[in-house]
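# A look at the structure
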Amino acid sequence: MEDQTQQEQASPEVQKRIQDSFDRQGLMAHLGARITHIGPGRVHIVLPSRSEVTQQHGFFHAGATSAIADTAGGYAAYTLFPEDTEVLTVEYKINLLAPAIGPHIEAVGTVLKTGRTLTVCQLDVFGVTDGGDRKLVANGQQTVIRVKRPEQ
């Protein structure tokens with residue numbers, strides 16, 4: 001995987017739109033997740049390990065893993081949408097490939113195909129060690145829908 005510093009960044013306007021929307025998500029704040037990269041069609045979200053996001057064996061809970069994967073994919077799609085639109089998940093499927101352990105996990109959402117209404121994204125979640133080694137712990141696919149932003 002590329003080093004994040006070498007990845008293309010979204011425009012400052014798109015980055016602000018994505019970050020502002022993310023900051024309004026109560027679940028992401030509750031989990032302690034944060035966006036670490038916003039590029040055209042690609043978003044990374046990191047979730048630090050703490051007891052509140054683990055299951056009974058000490059691994060990251062599938063619900064927390066799935067939540068950041070879904071959110072990363074949705075925002076990856078949103079980077080490509082017009083200013084006057086919003087994004088909603090239609091469906092997603094995720095395979096949990098290995099126990100998610102380490103100081104944090106990182107979800108990477110990548111747009112595979114964008115359309116006028118529906119967009120399909122790939123979801124990858126990595127367990128990250130203290131030394132920075134990454135292990136794929138979950139993989140999935142998602143469909144999101146582009147909707148008109150409601151008038152305020």
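Preceding block: the structure.
The present account deals with the structure reproduced in this document. (Residues numbered from 1 in each chain as written. Predicted model: local features only at pLDDT ≥ 70, side-chain atom pairs only at ≥ 80, totals over all residues. Heavy atoms only, no water.)

### Section: the overall build of the protein chain
Within the protein chain one finds three helices and six strands. Secondary structure elements of the protein chain, listed N to C terminal, follow the sequence α-α-β-β-α-β-β-β-β. A globule of 152 residues ought to have a C-alpha radius of gyration of about 15 Å, and the protein chain, at 15 Å, matches this closely. In terms of its C-alpha atoms, the protein chain occupies a principal-axis envelope of roughly 45 × 30 × 25 Å. Classification of the 152 residues of the protein chain by burial places 43% in the buried group. Here the protein chain carries 14 positive and 17 negative side-chain charges, and the mean point of each set is 5 Å from the other. (Helix = DSSP H or I, 4+ residues; strand = E, 2+ residues; numbered from the N terminus. Rg over C-alpha atoms; globule rule 2.2 N^0.38 Å. Buried < 20%, exposed > 50% of the residue type's maximum accessible area, 1.4 Å probe, protein only. Lys, Arg positive; Asp, Glu negative; His and termini not counted. Charge placed at Lys NZ, Arg CZ, Asp CG, Glu CD.)

### Observations regarding the pattern of salt bridges
Applying the stated rule across the entire model yields six salt bridges. The residue K16 makes a salt bridge to D20 at a minimum N-O spacing of 2.6 Å. A residue pair is termed a helical-turn pair when its members lie 3 or 4 positions apart in one helix, as K16 and D20 do in helix α1 (residues 12-23) at four residues. Overall, the relative accessible area of 32% leaves D20 in the partly exposed class. Across the pair E83 and R17 runs a salt bridge whose closest N-O atoms are separated by 3.6 Å. With E83 in the loop between α3 (62-78) and β3 (85-96) and R17 in helix α1, this pair connects stretches of sequence that are 66 residues apart. We classify E83 as exposed; its relative accessible area is 52%. On the basis of relative accessibility, which here comes to 11%, the residue R17 falls in the buried class. (Salt bridge = Lys/Arg side-chain N within 4 Å of Asp/Glu carboxyl O.)

### Examining the environment of T110
Mapped onto the secondary structure, T110 falls in strand β4 (residues 104-114). The spacing of T110 and F81 is 29 residues in sequence and 14 Å in space, taken between C-alpha atoms. If we ignore the near neighbours within four places in the chain, the residues touching T110 are G41, R42, A76, V120, C121 and Q122. (Contact = heavy atoms within 4.5 Å.)

### What about the environment of G127?
Mapped onto the elements of the fold, G127 is located in strand β5 (residues 118-128). The class for G127 is buried, based on a relative accessible area of 5%. When the C-alpha positions of G127 and V87 are compared, they lie 27 Å apart, and in sequence the two are 40 residues distant. Once you skip the residues sitting within four places of it in the chain, G127 turns out to touch I101, H104, I105, D133, R134, K135 and V137.

The analysis is restricted to geometry; functional conclusions fall outside its scope.
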